[in-house]
Amino acid sequence: MTELYSMVPEFGQLALIFAFVCAAFQVVIPLVGVNRGAPWLMAYARPLATGQALFLLISLFSLAYCFVVDDFSVAYVAANSNTALPTPFKISAVWGAHEGSLLLWVTMLGLWSLAVAWLSKSLPIDMIARVLAVMGMVSVGFILFTLETSNPFSRHLPSAPAEGGDLNPLLQDFGLIVHPPTLYMGYVGLSVAFAFAIAALMSGRLDAAWARWSRPWTTAAWIFLTVGIALGSWWAYYELGWGGWWFWDPVENASLMPWLVATALLHSLAVTEKRGLFKSWTVLLAIFAFSLSLLGTFLVRSGVLTSVHAFASDPERGIFILALLGICVGGSLLLYAIKAPTVASSGRFELVSREMFLLLNNLLLVVIALAILIGTLYPLVYDFMGLGKLSVGAAWFNTMFVPLSVGLAVVVGAGAMSRWKVDSLGRIGTMLWPAAIAAIVFAIITPMIISGELKGMVVLGLSVSIWLTLATFIDVWKKSRGQITRIPNLGMSYLGMILAHLGVAVTIVGVTMVANYSTEKSVRIAPGERETLGDYVFEFAQGGHITGPNYTSDAVRFNVYEDDKLISTLMAEKRRYTARGSVMTEAAIDVSLFRDLYVSMGEPLDNGAWGMRLQVKPFMRWVWLGAIFMACGGFLAMLDKRYRRRADKKVTAAKGAELGGVNA
Amino acid sequence: MNRSLLFIPLGIFVLMAVVFWIGLGQEDKTSLPSPLIDHPFPEFSLTVLEDSRAVTKADIVGAPALVNVWATWCPTCKQEHTFLNELASQGVRIFGINYKDNDEKAKDWLMSFGNPYIWNLSDPNGQLGLELGVYGAPETFLVDSKGIIRAKHIGDLNPKVWQTLKLQFEAME
């Protein structure tokens, strides 16, 4: 029996190979079925996707098991875990480095395929067959990549180490348990939108029905991306110890780009569903969004751009991923070039219309994504031209990002209330000019009263977010004809949109305030001493040591006073992880809706004194609160009745189609 | 709409793929320029891991040598170790810096996997490592007979990497 348990890594690997086989069949059999018009072959898509997901889960759990029982004969476990690591971190160590992250990635792909297989019962069988076949292709590529270049089950035999290394201490944290899986769900989820787009291209049926099928899936992936990015930012904020929450790091950019394009895709799908327009553009966005997800994987995994996140700097892996990317993106763009409809869509719309606003929104989002893409790749191209190594600083990204997002917020405010086909600036203007004036006046006066000075960026940020908020409320007011009881009747889709747009406004307020009014101070502080920062007095109450399971730390307790009242006790730590000998700062943060107090430890000085960094960050929480609003908005939109109601009708239609297929 | 327009995305992508392709093949990302290249190896006064005697930089200079930064917590170092043993048997002078490590563990390691080093510096706090700009183990410095650092390699030494480093090493005085 024990021998059987010692073979778990082999079972894991075997399961991965079986998953690969399932995925390969999932590509071939349904497509042959489509080609021959044989529904019984197409029907294999669902069970094969199920099998694939099951084997991937077995594989992932096997690896987790190896971590939990400290099987250091597995090289990946030995490199990333040790006996002293607490069990939750042993589990999160599964995706703490390259090989395991990749296994998680393919497992999630398997789970999305599973979800598509079982939640899209209403889709015509040939569509399901195509969609799952396309997802199978992606699986085949990435499982092969895992098995060939990054096998997490490789053994360290015959000399298994008695003790493992350690999980990167940066990653020993709750944030790491949840952030990568959420983000991966988002990345990988975009494969569904991609598969629907490719399936539609293959079948030549780019219609409103396709957009409607694709929309909830795109929204689901987008929600995961939104939450994943917010979690990543939150994690960097409290774990990296210098109070920053966005660094324009290549890996952050790699997650933001697909989000921006997915946001564009969501809006473009709305046009395609409601008006049958922008079909080619929507397909292109779906391809673009998933390509950026893959590019993100490529950038992070190949070490082409080196950053804190690039666990694996291995050019051979890079070449494999590049080949995958080439086949996947190149192939789909070629298919697009050949099969995308060239006929101008039948629907017409005027210069001032909802279509036009959505088009503008799409253009802005895509331009922002491209600007970030260029900023991320530029250093690479520069190096490649032999001009030397350089980095594009945050300044460049901010210069591009800020004005474009301000423009976007303005468009969102007006666009959300515009009408399809034709609208007039006069109508929109009449409703919105008071909001615009109120927003600007408020954005100028409030900061003047509170801080006594006028900052251009603050006025800009506050005016657009107040404008967006007011415009949103005016729209709800008009649509519900001033009666609150009518609001629920406006439809989940609409309410979701409202919530998400308010989220954008909340995030803009947060970003504006924290970027312009944060204060900080680096001080030398000894036990018993006090330091004042803004309205707060920080008192060094006590210093000491803490012994954790796999680290020891110096800790300092602070009492924080506001108007001589004790408002908070903070404990900052500086941990030394024994296995790697690396040092991590654990910042202490006092959180409230309108400000964060942030204390992090620097270097020890003489007589028990420490170098400390004190920060007050107003409205910090709003940055992430907005993201939560957006995600909830997305969730509401997914619940909209029409996805289910029409689905019911489709069941009969699909059954009819199936029968028709058999008869034919 | 003209169909040829639909080929534009494909064209852009192919262009990017070519850039990436060349970027990958172009150079070893691990040979980042170090400000220490062509500068003297930093002065130090530390103890030898094996027998605790005090040594300084003067004990390294005299002939070309490799200075290898390693630790028992570093799995790549273990991968690399076999190759270091091989190099040592070919007569390459290798000094070790046991970086941010536990002396006892390090001695055990050398006992069990063999000792390719002439001797090892014990650098438990990573002081020397800091001066050398080490940001991970393993790293290897090529130091000439006058004590000048001529090259630096980040990551493991293996036959492939050694092919190029060897030329540099043999050209040194």
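Being a predicted model, the structure only gives us computed values, none of them experimental. For every chain, the first residue of its written sequence is number 1, and the numbers climb from 1 along that sequence. Each chain gets a letter, beginning with A, and each ligand a number, beginning with 1, in the order they are written. Only residues with pLDDT of 70 or above have their local features reported here, since the model is predicted, and side-chain atom pairs are shown and tallied only from 80 upward, although totals for entire chains, interfaces and linings are computed over all residues.

Chemist: What's the story with the overall build of chain A in this structure? I'm lost.
Modeler: Secondary structure elements follow DSSP: runs of H or I of four or more residues count as helices, runs of E of two or more count as strands, with numbering from the N terminus. Within chain A, the regular secondary structure consists of 20 helices and 9 strands. With C-beta atoms placed from the backbone, a residue is buried if 20 or more other C-beta atoms are within 10 Å of its own, exposed if 12 or fewer are, and partly exposed between those counts. The proportion of buried residues among the 664 residues of chain A is 51%. Each residue is represented by a C-beta atom placed from its backbone, and any two residues with such atoms within 7 Å are regarded as in contact. Long-range pairs, those at least 24 residues apart, make up 75% of the contacts in chain A with a sequence separation of at least 6.

Chemist: Got a minute to help me understand the overall build of chain B in this structure?
Modeler: A count of helices and strands for chain B gives 5 helices and 7 strands. Along its sequence from the N terminus, chain B presents helices and strands in the succession α-β-β-β-α-β-α-β-α-β-β-α. Taken over 173 residues, chain B has a buried fraction of 34%. The long-range fraction of contacts in chain B, counting pairs at least 24 apart against all pairs at least 6 apart in sequence, stands at 73%.

Chemist: Could you clarify how one ought to interpret the environment of Met111(B) in this entry?
Modeler: All names here are of chain B. With respect to the secondary-structure elements, Met-111 resides in helix H3 (residues 103–113). A count of 9 C-beta atoms within 10 Å places Met-111 in the exposed class. Measuring from C-alpha to C-alpha, the distance between Met-111 and Asp-59 comes to 23 Å, with 52 residues separating the pair along the chain.

Chemist: Which parts of the structure should I look at to understand helix H18 (residues 492–517) of chain A?
Modeler: Side chains three or four residues apart in an α-helix point the same way, a direct result of the helix having 3.6 residues per turn. To estimate the expected span of a helix, subtract one from its residue number and multiply by 1.5 Å. The first and last C-alpha atoms of H18(A) sit 37 Å apart over 26 residues, in line with the 38 Å expected at 1.5 Å per residue. Across the 26 residues that make up H18(A), a large majority, 19, are buried.

Chemist: For this particular structure, what's the right way to read the sheet that holds strand S5 (residues 120–123) of chain B?
Modeler: Backbone hydrogen bonds are what pair the strands of a sheet, in a parallel or an antiparallel way. Residues and elements named next belong to chain B. Read across the open sheet, the 5 strands follow the order S5-S4-S3-S6-S7; overall the sheet is mixed. The outermost strands of the open sheet, each flanked by one partner alone, are S5 and strand S7 (149–154). This sheet shows a mean twist of 20° between the axes of neighbouring strands, independent of strand direction. Think of it this way: DSSP has to see at least two bridges between two strands before they count as a pair. Relative to S5, strand S4 (residues 94–99) runs parallel, the two being bridged by 4 bridges. Paired with Tyr-99 across the bridge in S5 is Asp-123. On top of the sheet, helix H5 (residues 159–171) reaches strand S6 (139–143) and S7; it is set at about 170° to S7, its chief contact. Geometry is summarised by axes, namely lines fitted to C-alpha atoms with helices restricted to the contacting stretch, and by angles between N-to-C directions that run from 0 to 180 degrees.

Chemist: Help me understand the packing of helix H17 (residues 456–479) of chain A against H18(A), please; the structure alone is not making it clear to me.
Modeler: The description of two packed helices rests on the angle between their axes and on the distance between the axes. All names here are of chain A. In contact at an axis separation of 9 Å, H17 and H18 are set at 165° when each is read in the N-to-C sense. Put simply, H17 runs roughly antiparallel to H18. At the point where H17 passes H18, the crossing takes the left-handed sense. Counting all contacts with H17, which are made through Met-457, Val-458, Gly-461, Leu-462, Val-464, Ser-465, Leu-468, Thr-469, Thr-472 and Val-476, the residues of H18 involved are Ile-498, His-501, Leu-502, Val-504, Ala-505, Ile-508, Val-509, Val-511, Thr-512 and Asn-516. Just so you know the grouping, Ala, Val, Leu, Ile, Met, Phe, Trp, Tyr, Cys and Pro go in nonpolar, Asp, Glu, Lys and Arg go in charged, and all remaining residues, Gly too, go in polar. The residue inventory of the contact of H17 with H18, partitioned by class, reads 13 nonpolar, 7 polar and no charged. For this classification, under 35 degrees means roughly parallel, over 145 means roughly antiparallel, 65 to 115 means roughly perpendicular, and everything else is oblique. Helix crossings get a hand from a simple test, with the near helix turned counterclockwise from the far one by less than a right angle marking a left-handed crossing and a clockwise turn marking a right-handed one.

Chemist: Would you mind going over the packing of helix H4 (residues 45–68) of chain A against helix H8 (residues 125–149) of chain A with me for this structure?
Modeler: All names here are of chain A. Two elements in contact, H4 and H8, have axes separated by 9 Å at closest approach and are oriented at 30°. By the angle class used here, H4 and H8 are roughly parallel. At the point where H4 passes H8, the crossing takes the left-handed sense. Mapping the contact onto sequence places Ala-45, Ala-49 and Gln-52 in H4 and Ile-128, Ala-129, Leu-132, Ala-133 and Ser-139 in H8.

Chemist: Before we go on, may I ask you to explain the domain arrangement of chain A in this structure?
Modeler: For interface size, the figure often reported is the accessible area lost on association. All names here are of chain A. Annotation of chain A at the domain level lists domain 1 (1–172), domain 2 (175–187 + 207–395) and domain 3 (519–617). Of the residues lining the interface, 19 residues belong to domain 1; the matching set on domain 2 comes to 17 residues. Among the secondary structure elements, those contributing two or more residues to the side of domain 1 that touches domain 2 are helix H6 (87–92), helix H7 (98–119) and H8. Tallied by class, the residues present in the side of domain 1 that touches domain 2 amount to 11 nonpolar, 7 polar and 1 charged. These domain boundaries are the output of an automatic or database domain assignment.

Chemist: What should I look at first to understand the environment of Leu240(A) in this one?
Modeler: On the secondary structure map, Leu240(A) appears in the loop between helix H10 (208–239) and helix H11 (250–275). For the pair Leu240(A) and Asn362(A), spaced 122 residues apart in sequence, the C-alpha separation works out to 34 Å.

Chemist: It is not clear to me how unusual backbone geometry should be interpreted in this structure. Could you clarify?
Modeler: Where the residue is not glycine, phi is negative for most of them; where a peptide bond is considered, it is trans in most cases. Residues and elements named next belong to chain A. The backbone of Asp-70 sits at a positive phi, close to 55°, despite the residue not being glycine. Take Asp-70: it is sitting in the loop between H4 and helix H5 (75–80). Of note, Asp-564 is a non-glycine position whose phi angle comes to about 65°, a positive value.

Chemist: Honestly, the sheet that holds strand S9 (residues 610–618) of chain A in this entry has me stumped. Any pointers?
Modeler: All names here are of chain A. Taken together, 4 strands build an open sheet; the order of strands is S1-S9-S8-S7 and the sheet is antiparallel. Two strands in the sheet have a free side with no partner beyond their single neighbour: strand S1 (519–525) and strand S7 (588–591). Strand-to-strand, the axes of this sheet are offset by a mean angle of 15°, without reference to chain direction. Pairing geometry for strand S8 (residues 595–604) and S9, over 8 bridges, is antiparallel. Each residue of the ladder has a partner; that of Leu-597, found in S9, is Val-616.

Chemist: I would appreciate a short explanation of the confidence of the model for chain A in the present structure.
Modeler: Detailed conclusions should not be drawn from predicted coordinates in areas where pLDDT is low. All names here are of chain A. This prediction gives chain A a mean pLDDT of 85; 88% of its residues lie at or above 70. Scored from 0 to 100, pLDDT reflects the predictor's confidence in each residue. Mean pLDDT values for the elements of chain A range from 47 in helix H20 (residues 641–663) up to 96 in H4. Counted against residues more than four places away or in other chains, residues 306–313, with its pLDDT under 50, gives 21 contacts. Below pLDDT 50 for its whole length, residues 646–664 participates in 16 contacts with residues either more than four positions away or in separate chains.

Chemist: Would you take a moment to explain the pairing of strand S3 (residues 65–70) of chain B for this structure?
Modeler: Regular strands show a simple pattern: their side chains alternate between the two faces of the sheet. All names here are of chain B. In terms of burial, S3 is largely enclosed, as 6 of its 6 residues are buried. Because side chains alternate across S3, one face comprises the buried residues Ala-65, Val-67 and Val-69, and the other comprises Leu-66, Asn-68 and Trp-70, equally buried. Two strands pair when backbone bridges link them, and S3 and S6 are joined in this way by 5 bridges, in the antiparallel orientation. From the neighbouring strand, Leu-66 faces S6, where its bridge partner is Leu-142.

Chemist: Quick question: what am I supposed to make of the nonpolar core here?
Modeler: Across soluble globular proteins, you tend to see nonpolar side chains buried next to one another. Here, a nonpolar core denotes buried Ala, Val, Leu, Ile, Met, Phe, Trp, Tyr and Cys residues that are linked to one another through C-beta atoms within 7 Å. Of all hydrophobic cores here, the largest spans 206 residues; its most connected members are Ala193(A), Phe196(A), Val261(A) and Ala289(A). Top element by residues in this core is H10(A). It accounts for 18 residues. Once residues lying within four places of it in the same chain are set aside, the contact partners of Ala193(A) are Ser214(A), Trp217(A), Thr218(A), Ala221(A), Leu265(A), Ala286(A), Ala289(A) and Phe290(A). Formed by 31 residues, the second largest nonpolar core is a distinct cluster that contains Cys74(B), Ile94(B), Leu121(B) and Ala151(B).

Chemist: Help me out: how do you make sense of H17(A) in this one?
Modeler: Compared with an ideal rise of 1.5 Å per residue, which puts 24 residues at 34 Å, H17(A) spans 34 Å between its outermost C-alpha atoms and is within 8% of the ideal. Following H17(A) by one or two positions, Arg481(A) adopts a phi angle in the positive range, close to 50°.

Chemist: I would appreciate a short explanation of the confidence of the model for chain B in the present structure.
Modeler: Considering every residue of chain B, the mean pLDDT works out to 81; 88% of them sit at 70 or more. Per-residue pLDDT stays below 50 along residues 27–31 of chain B; that stretch engages in 8 contacts with residues further than four places along the chain or on separate chains.

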